[in-house]
Amino acid sequence: YPGIRNVVDLWQIGNEPNHTPFWKGTLSQYVNTFLKPASEVLRPLGEKVVGAAPTWDVRAAESLRDLGYLNYVDFAAFHPYARTADQVLERVRGAKAAFAGKPLILTEWNMNDVGNTSFWASELNRIAPEISRLVHSA
């Protein structure tokens, strides 16, 4: 589309490559056949690339790192869904460690199945300051 590069700041390449509704292949296929070619086109043009965010599974983030994900991104991404605030923070810390050297973006995050909306809101407010210190954006 003409002019699209003038209005897009960051290009996220895919979504949840460890979750079959969004990616039908392996993590290796995601890195080598989807992320790498997109990065090789966009980055030489001065565009910033965000990798697909794995779901809450820090092991998937570590696998992506081991497969070369960090070579093709300017920003790593993660989705730290959990049932408790402490789990969210633990998963964010794990992803930050897995993707060390790249700024981390939480393109989605939340606490699931909390039940009480007042408690849910207070817990999100409690963890937001730490998350803001750990990540580039959320």
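Right above here is the structure, for reference.
What you see is a predicted model, and the numbers here were worked out from it, not measured in a lab.

So, about the overall build of the protein. If you tally the helices and strands in the protein, you get four helices and four strands. From first element to last, N terminus to C terminus, the protein shows the α and β order β-α-β-α-β-α-β-α. The C-alpha atoms of the protein give 16 Å as radius of gyration, which agrees with the globular expectation for 138 residues (14 Å, within 12%). Seen through its principal axes, the protein has C-alpha atoms that stretch 45 × 30 × 30 Å. Buried positions account for 41% of the 138 residues belonging to the protein. Of all intrachain contacts in the protein linking residues separated by at least 6 positions in sequence, the fraction that spans at least 24 positions is 71%.

Per the counting criterion, the structure on display carries four aromatic pairs. Each ring, one from Y69 and one from F99, has its centre 4.9 Å from the other, and the planes form 20°; the classification is stacked. One end of the pair, Y69, is in the loop between helix 2 (58-66) and strand 3 (76-78); the other, F99, is in the loop between helix 3 (85-98) and strand 4 (104-106), and 30 residues separate them in sequence. Grouping residues by exposure puts Y69 and F99 together as buried. By the ring-pair criterion, three or more aromatic residues cluster together here, those being W23, Y30 and F34.

The interhelical angle for the contact between helix 3 and helix 4 (residues 117-134), taken along N-to-C directions, is 10°, at an axis separation of 10 Å. In terms of their interaxial angle, helix 3 and helix 4 are classed as roughly parallel. Here A85, D86, V88, L89, V92, R93 and K96 of helix 3 lie close against helix 4, whose contacting residues are E123, R126, I127, E130, I131 and L134. Here the contact of helix 3 with helix 4 is composed, by residue class, of seven nonpolar, no polar and six charged.

Turning next to helix 3. Between its first and last C-alpha atoms helix 3 spans 20 Å; for 14 residues at 1.5 Å apiece the expected length is 20 Å, and the two agree. Those residues of helix 3 not exposed but buried are A85, V88, L89, R91, V92, G94, A95 and A98. In this fold, the buried residues of helix 3 make contact with helix 2, strand 3, strand 4 and helix 4.

Moving on, we get to the pairing of strand 2 (residues 48-51). Across four bridges, strand 1 (residues 10-13) lies against strand 2 in parallel orientation. Counterpart to Q12 in the pairing with strand 2 is V50.

This part takes up helix 2. One full turn of an α-helix is made of 3.6 residues, so residues set three or four places apart face in the same direction. When we look at burial in helix 2, the residues that qualify are V58, A60, A61 and L64. Seen along its axis, helix 2 keeps its buried residues to an arc of 155°; they face one direction. In helix 2, the exposed positions that point more than 90 degrees away from the buried face belong to R59 and D66. In the core, the buried residues of helix 2 are packed alongside helix 1 (27-42), strand 3 and helix 3.

This part is about the nonpolar core. Of all hydrophobic cores here, the largest spans 41 residues; its most connected members are Y30, L35, Y69, F99 and L104. Breaking this core down by element, the ones donating at least two residues are helix 1, strand 2, helix 2, strand 3, helix 3, strand 4 and helix 4. Once residues within four sequence positions are removed from consideration, L35 is found in contact with I13, Y30, V49, G51, Y69, Y72 and V73.

Time to look at the pattern of salt bridges. The full count for this structure, using the stated rule, is nine salt bridges. For the salt bridge of D66 with R65, the shortest nitrogen-to-oxygen distance reads 3.0 Å.

Reading the values: the criteria
- Residues numbered from 1 in each chain as written.
- Predicted model: local features only at pLDDT ≥ 70, side-chain atom pairs only at ≥ 80, totals over all residues.
- Heavy atoms only, no water.
- Helix = DSSP H or I, 4+ residues; strand = E, 2+ residues; numbered from the N terminus.
- Rg over C-alpha atoms; globule rule 2.2 N^0.38 Å.
- Buried < 20%, exposed > 50% of the residue type's maximum accessible area, 1.4 Å probe, protein only.
- Contact = heavy atoms within 4.5 Å.
- Phe/Tyr/Trp six-rings, centres within 6.5 Å; stacked < 30°, edge-to-face > 60°.
- Axes fitted to C-alpha atoms, helices over the stretch in contact; angles between N-to-C directions.
- Parallel < 35°, antiparallel > 145°, perpendicular 65-115°, else oblique.
- Nonpolar A, V, L, I, M, F, W, Y, C, P; charged D, E, K, R; others polar.
- Expected span 1.5 Å × (residues − 1).
- Pairing = 2+ DSSP bridges.
- Arc of directions from axis to C-beta.
- Core = buried A, V, L, I, M, F, W, Y, C linked by side-chain atoms within 4.5 Å.
- Salt bridge = Lys/Arg side-chain N within 4 Å of Asp/Glu carboxyl O.

Geometric values such as these leave the question of function open.
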